[in-house]
Each structure stands twice: as C-alpha cells, then as structure tokens.
Amino acid sequence: MTSILHADRFFDPEPGTRLIAREIYESVGDLPLICPHGHVDASIFASDEPFPDPASLIVSSDHYILRMLYSQGIPMETLGVSPRDGTPVAADPRDTWRRFASNYFLFRGTPSRAWVDHVLHEIFELARPLSADTADAAYDEISEKLASREFRPRALFDRFRIEVLATTDGATDPLASHEAVRASGWQGRVIPTFRPDALFSIASSAWRSDIERLARVAGSDIRSFEAFLDAVRQRRRFFTSRGATATDHGVESPLTRRLPPTTVQDLFRKALGGTATAHDQACFGAHMLLEMAQMSTEDGLVMQLHPGSARNHNRFVHDRFGPDKGADIPLQTEYTRNLSELLNEFGNDPRFSLIVFTLDESAYSRELAPLAGHYPALRLGPAWWFHDSIEGMTRYREQTTETAG
Amino acid sequence: MTSILHADRFFDPEPGTRLIAREIYESVGDLPLICPHGHVDASIFASDEPFPDPASLIVSSDHYILRMLYSQGIPMETLGVSPRDGTPVAADPRDTWRRFASNYFLFRGTPSRAWVDHVLHEIFELARPLSADTADAAYDEISEKLASREFRPRALFDRFRIEVLATTDGATDPLASHEAVRASGWQGRVIPTFRPDALFSIASSAWRSDIERLARVAGSDIRSFEAFLDAVRQRRRFFTSRGATATDHGVESPLTRRLPPTTVQDLFRKALGGTATAHDQACFGAHMLLEMAQMSTEDGLVMQLHPGSARNHNRFVHDRFGPDKGADIPLQTEYTRNLSELLNEFGNDPRFSLIVFTLDESAYSRELAPLAGHYPALRLGPAWWFHDSIEGMTRYREQTTETAG
Amino acid sequence: MTSILHADRFFDPEPGTRLIAREIYESVGDLPLICPHGHVDASIFASDEPFPDPASLIVSSDHYILRMLYSQGIPMETLGVSPRDGTPVAADPRDTWRRFASNYFLFRGTPSRAWVDHVLHEIFELARPLSADTADAAYDEISEKLASREFRPRALFDRFRIEVLATTDGATDPLASHEAVRASGWQGRVIPTFRPDALFSIASSAWRSDIERLARVAGSDIRSFEAFLDAVRQRRRFFTSRGATATDHGVESPLTRRLPPTTVQDLFRKALGGTATAHDQACFGAHMLLEMAQMSTEDGLVMQLHPGSARNHNRFVHDRFGPDKGADIPLQTEYTRNLSELLNEFGNDPRFSLIVFTLDESAYSRELAPLAGHYPALRLGPAWWFHDSIEGMTRYREQTTETAG
C-alpha cells in the first residue's frame, strides 16, 4: 500500500539534490536499527501484551504531545494524564483521541507531527489525514490493528528491524523485566543502561531511601564513601552481566572536579547524616563523574552525559502530575572548562569512550566539535530532544561535521 | 505601474519552492495590518500635516540608517541630527539626502536597504535606483508627492490597510495626541501601550520627577509603595480607557523575583530618599515585573517583555545627540531561570498573556521555544530589531517553530 | 590540465544560483591575494630552499590535520611530530604520508579535506584521489615536484598572486628573516605583525626572560611601567620600519579596563618581583589593550583582537609535544560589556582601526555585528579558525552582513 505522505518529504526541494538524497536514503533505509538510548519499558516485551488503545499509546504517554497541547491551554486531565494524588480522570481514551485529533493542526511544522504522521500513515496505514472529522474512524482502525498479532510489541520490534534496544534504568533497579525478557526465550535484544543519577543527589529527600535500596541490592552495608563506591562498582557489574554496554548521566551542569579524598569522605558522611546542601550535591556530582569515568576505563562501559536541563520548571505541573510532563527546560551549558578535568584525566585513554549531548546548540561549533575533534575518547551524541528534528539535525550537521569530522 | 524591484526578491530561488512561496504570499499579501509595537508619534495622525521632506522622513529619523552611516565615519551632524546642546546644524535636508544617496550602496544586503527600496519604488514609485546621480531627481519627486493629499499620514495609514496601530507611551503620558486623534473624528485606530520603565528606574536621577509627574496625573500623593502601586494601577485603567490592550517593558535582564513586602517597602522609601543603588533598582525591577503580571491577570492587558539591550553604549554619541541614535547593543540574555518565578506564579493562569522578545538568538531554540511550547500564558514575540530581517526571520522560524509550534 | 575536482564544488546546487555564483567567482577569482594574518615562517622566502617532503609540508605541520587524526586514536609520534623531550621519532616521512593517505577518508566534509584536495589536485595536479592505494605514487609525484624550481616558496608566492603576506611575530623578535628577505633583493612583500602577548603575561614563568629580551632589543633598562611602555613603543616603531601595518592580540577574554596609574605601576613592580597572580595578569592585560589602542591612534598600526581560546586544553599533549598541536578550545566570549571601555575611548576616533575576531559564533548577530554597525573604528574579522570553512563562512555572512553591512 502506498502512504498518503510524500515519499520525499524530508529531502531538499532542488531536483538534483533530491535525487542524491533519495539515492543515499535507499542505500541505508533498510539497515537494522541500533537504539542506544530508549525510554521504553522492557516489561512490554516480556509480556508482549497488545498496546491498550490509540490514546494511551500515542497521546497520553508522549511528553512532546502533552507539552504542546498544554501550552495551548488544554488541561492535562482531559488528555488522559492522571494527577498523582489519585483524583480520578474522567476522560476515556476515545475522548482524549478526539481532543488530540481536533487539535492536530497545531502540530504543523513540528517533529511530533512528522513522527505521528509516520505512525498513522506508514505503520497503521490510515488513508485519510487525522482531523476532528476522521478521529473516530482512525481510532477504530488503529484499535483493531492494535488487537492483532502484527501490532504486538515484539512483532513491531522485528518489523522495525531493531537490532538492539537499550533502556534507561536506575542503578538500584533489579532489572526483573530484562530478566523476564531473557527467560521468555524471545530473541530480541533489549539491554539495560546504568543510570545512577539518584545515588548522586545527596541533597534530595529521597537519597536516603535510594542508598538503603542500594545497600539491599548490593548486599552490603554502606557507611563510608569507599563502601558506596564498592556498591556502585558491583551494580555496574550486575548491569554488565545483564547486557549493559553503557552508563548514562543526567546532570544540570557538566562540571567535573576531583575532590581530595578526605573532602569527599566528609561530604558523604554529611549526606548520610541528612545535612548535605545543594552546593554539596554539586561538588559531589562533579567528583562522581570522574569516578564514573575511572570505572569505565576498568569495566569498559561507555559513558553518556546528558547535561543542561532544568527539570520540572513548572512546579504546579510537577506537583500535580509528576515528572516528565513537558516542563523540563534547557539551560546555557559550558563544556570547555567544565569537562577539562575529566578530559585531562581520561580523554587520551584508549579504554575510555565518552558521549556528550547538549541542549545548548551554541556549544556545537564553539566547544563540542573542537573538543571531539581533538580528544580520542570523546564522541558527540546526535541532536537531542528538542533538537531531534529536521531543522535541529540540519544545524547539528552544519555546526559539528566540519570540525569534528 | 510596475516596480523596478523583482517581484520575487524575497523568495527562494528554487523554482518549485518559489511557486509555493508566491502562492502563499498572494493568499495573505492583502490582509490588513495589525501593528502591535510602533514608535510612531500619534500626533501626526491628529494634525495630518504633510511629512516635511524626504531627508527627515527617511534618513534623520531612522536609527538603523543613522547607525550604519555613522559606522562608516559620516558624522551625525551632516545627517540632519541636532546635538542636544542646541548647536545649530548647517545641513539642509537636500544635502542630507544627497549624502544618503551617495552612500546608499553601503546598505546592500541589509534590511534597511530592503525597506528603503520598498519605500522608494513601491510607495513613491521612483523609476530609477537611488544613487549620487539620481539623488536630486528623487528628492524632488518625493517632495512633490509628500505635498499631495495621498501621502499625508492618514492616507498612508489607509493605503497600507492598517487595522490598528499601537504606539509606545510612558506611564505618565497624558495621551493628549491619542485624545486629539479620537476627537478629530477620523476612524483610524491608533491605541497607546503602557510602558512604565521610567517609574521602575529608582536609581535614575530622573526618577524623582517621574514620580512627581505620576502623582500629578494620578491625582494622589505617593509616599508609600502601596500608594505607588495604586497610582500605577490607576494609570493602567486610564490607558485601557484610551484603547490600550498591552503593556511593554524594556529591561536589561528579564530577572523576575518576588521580594518580601517589607523589603520592597524599604526599597521604595530608599528611592524616595534618593539613595537607591543600581543593585536596588535591579531588585525593584525584578519584583515589579511580578506586580505587572499580577495586574495583567486583573485588567487583561497583555504583557510584553523586551529584554537584553545595553542602552546608550556609546557615551559620546549619547551625550552629544541623546538616546536612540543607534548605540544600543544587545547582551547575552538568560530566560529559563530568570523567568522562573513569573511563569510559576502566572504561567498557568488563563487570564494572563506574556509576549517575550529577544536580541539573543541563541535563546530561541534553547530557552524560549521550549518555554513557549509548555507554558499556556507564554507567547514568543517575532524576530526583533536587528533580527527583523530576511535572515533573522528565517533563523527565528527555523529555531522556534519546531518546538513552540 | 583539468582538475579531477568539480569546478562548482563550493557553489549552490540550484542552477540559477549556481550560474550567478560562477559569474561572481570568475570576476574575482584572479585578483591578487592580500594575506593579513599568516603563520608562515618568513625565513622560507629568505633561503627559498625546496620544501623537504610531502609529509612535513602537508601533514606534520598542520594542526588541523594532526588534531583530527589524533582524535581518531592515531598517536602524534606516528605522524612525524617529535616529543619536546627529544625522544627520537621513528616515522620516516613516507610512513607518515601512508598513514595520512589511509585515513584520508576521515576528513570527508571537513575544510581540511577541501584544502588538501585543492593542494593535491589543483597545485600538484595529481590525477587520482588520495587513498592507501595511491599513497606511494602521490608521494613520489609530489616529492618530484617539490624538488623543481616551480615549487619553491617564492615561485608559489608568485603563482598564488600574493600581493602581501603578513606574518605574526613576537614583540622582541629581531625580524632577521624579514631583513634577509629584503636583503635578498626578491620583490615579494612579506611584512611582520607586532604580537606582544608574551610581554603582557605577567604571571607566566617566562615573563621575566621576555622582559629581559625586550630590554636588550630596545636598548634600555626596564625598571618601571613607563620604561616598559617606552620600550613597547620603540618596538612598534621598529616593526613599522620593517613594513608592519598591524598589531595582533591573542587574549582569553576581550576585557578592556583602564587602571589608575598608580595601580598599574604597582602591578608592574609586582611582576618584576615575580609575584604577579593570574588575576593581576588579567587586570594588566585589560589595561594594556587600552594602551595598545592609544598607541595605534599615534602610530597608525591597525589593532587586531583574537580572543576566546583556552590554549593547551590537553595538558598531556602540551607537555609532550608543546603548543599548537590542536588542543586549543574556544570559550564563551562576551564583547558588549568587555569592549565598552576601549570603544568609548577610541571607537569614535578616525585614526583608529580595530579588527575583532571570534570563536563564539553566538556573538555574531548579538554583539559583534551591532557593535561594528555603529562604531566607526570597529571592523569584523572574517570567520576564524574552526569557522574558516564553507558552513562557517555561510553563517558569518548570514549573521553579520545584515547588521554590519
């Protein structure tokens, strides 16, 4: 079946250039996908249950969709998002879908539109554009397909030719879903990624319970910084044994700074005593990035750094609906000085690979491409998040390739 | 009559894309204009006198033109700009015009050139390009047209299909010109915009007289912060009664921060005593933006924010010729943290609209588009000032549409 | 002979635009070259010896080439770069060349590739693309040509139609090579540029010996700031007598700030005593930029400013191989406030010309173009270093021309 989308919709309009683009695309379009950074829940592949309905699959679970609709004055509650206090949400999935369809014109020119159009017309093969008029028919058609075997998670995994999918998992996660996937005998490769952010947030009220969970899963008492490092090292071994090939670190600033041993031990004791400040946490985090790089040179896990997001900027939305509801906003981010210690210690080490992302595009040509075009250990992550779009990827290429190769 | 300018001069050169651009332009080119932020003096519509001459209309009053010529070593005095000390300026308008025409080639590739070309060839229908050779003939032809009824301010207002024109007016302005326009019976809609910057500049030597003027027009004594807020509220009501739909705020930094009541009262008393510092002014201004947002939720005026300009960078030019002579220079500007308090207090409020502009394009994709793509109250102003140009508008679209919609 | 490179390789693919580009290029392609900022050693024109071999000419001496290969894990030692400690390097030039040729595919899409392709196919007229397979034949063909008279430095200088080539020289350099060029009777114009950075680095361990060298070449004792200024003034006169038309200043921050006379005298005494700190050096440098501008108004040397590079970011590479090995990384750079004092003192002075460069492209449209579009003395340098590339020059034009003209 032919899609209603223009086959060349992402290519340059100049005919000569378009021909070359098409030729390149045809030569790579069928390659398998390697997905190094996903937020998919591994349990969907363990159970392989059908996806519940079009609205929860496409609308309520996509923070790009939610943020845009919310910014146009549409309340979260009417989009199938439940407040954390348990207030019941009336919206049934079909209502949410209709609301989405009626407002779908708002997404013109956005990457969300490009993705959802692809999903609607290439994956679900809908014959008509989504709008208020076609909402119900689309809902029914998608629902019917979701119920079929071809649209179950594993079938889609195969259809998309996914060679490997890396999820993102807290350091204390027992990785039960990954174990269930493996135990099921299914051959799809779904691997965890080690994300220890919570363990380094020593000023957070949740830190204490995270450390207790760490002590539990590591089977050790954590009364000193050395014991903490040992437990972290052990968790990295556990993740590696479950297939992990990388760690991931979400930090507000990419500052890296080694603290003297006694200072970091004191900080850790302060944290155990529940009196660590925001400044303590920043120092501790800057030091821990160096410890993580050190461990990577030992266990070979690739280190990924995602800095520069002010999380939960909108306290009202966060308090009512929780994190990841579209209210994380980028910050100016400095790399040349902040990464200096880490790159000087490990940037020339052939055992080490660091992948750095940015939400601050002004750093592409100024800092990141020059750094990646010099340090053997450093690689640039692709255009991230808001910049994972046609224009964003174009800027990424224009501003990094010449200097970083 | 056909213009000597290429009809497609602002469109993409690729033929297919150009056809689409032309089609889109034809579908909107005749729409009426809504001009939300003008620096036109309303009195020209009250009197409807002819514009005096080509040089004062097109050269001496345009800070974009003056700055470029000044940067090439041409003294302000020879361009019809009078020093503030009253030294008489010899240049007669025809001399200024000749100087402009001889140097018109300097404007190649600038938005000023695009605008002046439009004025010369589309509005005044000159048949030859402006240069030293054609200067006198152009001067004569434009002068003759300016004397005719078709080129009076009101006639041009109608010819340009202006539906509404908003001026920018100090908070203590009695709006006499607006009243005169209304009293004249002419139907053109020229409305004021409430700009209270001077009232918040508590460290300025002019602040005391501004406050006295406020007290006079508000008919009240201003001895406390509460009385000040009341007077401001009353002026907003007055502006609203004269047709205003918006406020406008020019600030160096867009910092918003609520002060405790006693702190702001103390600051205000310090200001009345004439001892407020630059730091006090910054704190007071950051607080007043929250008060302005609060009042907007009550009276419905849209709030506009124009931050990030270092005013009067060139003290020599400022001391000799006064403000707005091309020596305002942009600064790095931060929005994510600075607007945090204001957006948290009012960003989810359906009664509130905030329009934010920037001179720091690096904030488009990093901060402004993500903020506008989340907070219901926030809208982005179009490409401003230096960026109100073909390339600037292109960057604006490329860097905001995908994320802000 | 026809090159294997596409004649239109740098032009827009749209046929109409390409025709115009070709026409413009043909009208200027044969103009002589004026090279205001070169890092060529003048002595090669004094001796006019043949270049030694392809590897040392094209690979080992080019920090753009070295950085890219190093970033891919290829050790400097295998590229003909000798450690500073004198450890002998085994690599003979042919081995280095083979290594370069085998990895030449890594340079796809980089300006280095554009330049080396030009050198290989337009200058040396190689008929086949460089790769592992063609490495030896290319080496032999280039070697043979280098031995011929047509490929000696002076012959290439003439072939490239270089009208003038400005080198960059330390303030205490006796300019012996420039004198030798002049004495040789050859007519090529190779002039020095006055670069006094080392003299202003009062916290550097090398400063003391630099000052002693200055005292020697200036023939004076330097025991006070006034004597220092006199010696600097005298060196500027010497450089001018050898043909210099400009000075050049590499600074981390472009801060300009005048110190009170007693403060700067105290700082200088502290420097002579060997106790100046990094902060002292920053203050001293900020002051010296004003002194340099002042001297430029007196002796007419154009002042060039190259700010914003964190030199020798990689201490391992610096310690082992010395400076200029690809480990200088750009920093965020602020101009509006930092240049304020200098522009206010000298920016309106018709005797003064300041050319400012940047590695921080976000400053183009925000700060540099607005400043250059106002101050008569200020000119923008072209896209510099990492940005001296097709994409970089395109951004430069798009982001500065509209505002700076």
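For the structure itself, consult the block above.
This one's a predicted model, so the numbers in the text were calculated from it and none came from an experiment.

What counts, and at which threshold
- Residues numbered from 1 in each chain as written.
- Chains lettered and ligands numbered in written order.
- Predicted model: local features only at pLDDT ≥ 70, side-chain atom pairs only at ≥ 80, totals over all residues.
- Heavy atoms only, no water.
- Helix = DSSP H or I, 4+ residues; strand = E, 2+ residues; numbered from the N terminus.
- Buried < 20%, exposed > 50% of the residue type's maximum accessible area, 1.4 Å probe, protein only.
- Areas by Shrake-Rupley, 256 points an atom, 1.4 Å probe, with all protein chains shown as cover.
- Lys, Arg positive; Asp, Glu negative; His and termini not counted.
- Charge placed at Lys NZ, Arg CZ, Asp CG, Glu CD.
- Salt bridge = Lys/Arg side-chain N within 4 Å of Asp/Glu carboxyl O.
- Contact = heavy atoms within 4.5 Å.
- Buried area = accessible area lost by both parts, 1.4 Å probe.
- Polar contact = N/O pair within 3.5 Å; in protein donor to acceptor, adjacent residues only side chain to side chain.
- Least-squares fit on C-alpha atoms with pLDDT ≥ 70 in both.
- Nonpolar A, V, L, I, M, F, W, Y, C, P; charged D, E, K, R; others polar.
- Pairing = 2+ DSSP bridges.

Visitor: Looking at this structure, I do not really get the overall build of chain A. What am I missing?
Guide: Looking only at helices and strands, chain A features 18 helices and eleven strands. If you line up chain A on its principal axes, its C-alpha atoms span 65 × 55 × 45 Å. When each of the 405 residues of chain A is scored for burial, the buried share is 51%. Carbon and sulfur atoms make up 54% of the accessible area of chain A, which amounts to about 17800 Å² in all. Counting 43 positive and 56 negative side-chain charges, chain A places the averaged centre of each group 3 Å from the other.

Visitor: I'm lost on the pattern of salt bridges in this one. Help?
Guide: Oppositely charged side chains can form a pair if their charged atoms are brought close together. The final tally for this structure, using the stated rule, is 96 salt bridges over all chains. For aspartate 95 of chain B, the salt bridge is made with arginine 98 of chain B, and the minimal N-O distance between the two is 3.6 Å. Separated by three residues within a single helix, aspartate 95 of chain B and arginine 98 of chain B lie in helix 5 (residues 93-102), roughly one turn from each other. Note that arginine 113 of chain C and aspartate 117 of chain C form a salt bridge whose closest N and O atoms lie 3.0 Å from each other. Taken as a pair, arginine 113 of chain C and aspartate 117 of chain C lie in helix 6 (residues 111-123) at a separation of four residues, close to a single helical turn. Three or more residues joined by partner-sharing salt bridges are found here, namely Arg94, Asp95, Arg98, Asp136 and Asp140 of chain A.

Visitor: Could you clarify how one ought to interpret the interface of chain A and chain B in this entry?
Guide: For interface size, the figure often reported is the accessible area lost on association. Facing 38 residues of chain A, the contacting portion of chain B comprises 32 residues. Here chain A packs against chain B, burying approximately 2700 Å² in sum over the two surfaces, 48% of which is carbon and sulfur. Of all residues in chain A, the largest losses of buried area upon contact with chain B belong to His313, Gln332 and Glu391 of chain A, amounting jointly to 22% of the total for that side. If you look at where chain A meets chain B, you find three salt bridges. The partner of arginine 366 of chain B in a salt bridge is aspartate 360 of chain A, and the shortest N-O contact between them spans 2.9 Å. Counting across the interface, chain A meets chain B through 20 residue pairs in polar contact (both at pLDDT 80 or more). Of all the secondary-structure elements, those providing two or more residues to the side of chain A that touches chain B are helix 4 (63-71), helix 15 (315-321), strand 9 (329-330) and helix 18 (390-404) of chain A.

Visitor: Sorry if this is basic, but what is going on with the relation of the copies chain C and chain B here?
Guide: Applying a rotation about an axis and a shift along it to one chain copy brings it onto the other copy. Expressed as a screw operation, the relation of chain C to chain B combines 0.0 Å of axial shift with a rotation of 120°, fitting to an RMSD of 0.0 Å. Put plainly, the chains are arranged around a three-fold axis. Here only 9% of the contact residues of chain C are again contact residues in chain B; the copies associate through non-equivalent surfaces.

Visitor: Please explain the interface of chain C and chain B as it appears in this structure.
Guide: In this complex, chain C contributes 32 residues to the contact, which on the side of chain B involves 38 residues. Buried area between chain C and chain B, both sides added, is near 2700 Å², and the carbon and sulfur share of it is 48%. Its largest share of buried area at the contact with chain B, chain C owes to Arg366, His374 and Glu402 of chain C, together 28% of the area lost on that side. At the junction of chain C with chain B, the criterion picks out three salt bridges. Breaking the side of chain C that touches chain B down by element, the ones donating at least two residues are helix 16 (340-346), helix 17 (362-372) and helix 18 (390-404) of chain C. The dominant element in the side of chain C that touches chain B, judged by the number of residues it contributes, is helix 17 of chain C, at eight residues. In terms of residue class, the side of chain C that touches chain B is made up of eight nonpolar, 15 polar and nine charged.

Visitor: I'm lost on the relation of the copies chain A and chain B in this one. Help?
Guide: Each copy superposes on the other: chain A lies on chain B with an RMSD of 0.0 Å after a rotation of 120° and an axial shift of 0.0 Å. Both copies present different contact surfaces, since only 8% of the interface residues of chain A are interface residues in chain B too.

Visitor: Sorry if this is basic, but what is going on with the environment of serine 205 of chain A here?
Guide: With respect to the helices and strands, serine 205 of chain A occurs in the loop between helix 10 (197-200) and helix 11 (207-218). Each C-alpha atom of the pair serine 205 of chain A and serine 241 of chain A lies 31 Å from the other, and the pair is 36 residues apart in sequence.

Visitor: How should I be thinking about the sheet that holds strand 4 (residues 190-191) of chain A in this particular structure?
Guide: Through backbone hydrogen bonds, the strands of a sheet pair up, either in parallel or in antiparallel fashion. Residue and element names in this part refer to chain A. If you trace the three strands from one edge of the open sheet to the other, you get 1-2-4, paired in parallel fashion. Bordering the open sheet on either side are strand 1 (33-35) and strand 4, each of which pairs with just one other strand. Relative to strand 4, strand 2 (residues 162-166) runs parallel, the two sharing two bridges. The residue bridging leucine 165 from the neighbouring strand is valine 190, located in strand 4.

Visitor: Even after reading the chapter, I still don't get the pairing of strand 2 (residues 162-166) of chain B, so can you show me in this structure?
Guide: Within a regular beta strand, the side chains point alternately toward one face of the sheet and then the other, so they alternate between its two faces. Residue and element names in this part refer to chain B. With four of five residues buried, strand 2 lies mostly within the body of the structure. Inspection of the sheet shows strand 1 (residues 33-35) paired to strand 2 by three bridges, in the parallel sense. Note on strand 2: the bridge partner recorded for isoleucine 34 is valine 164.

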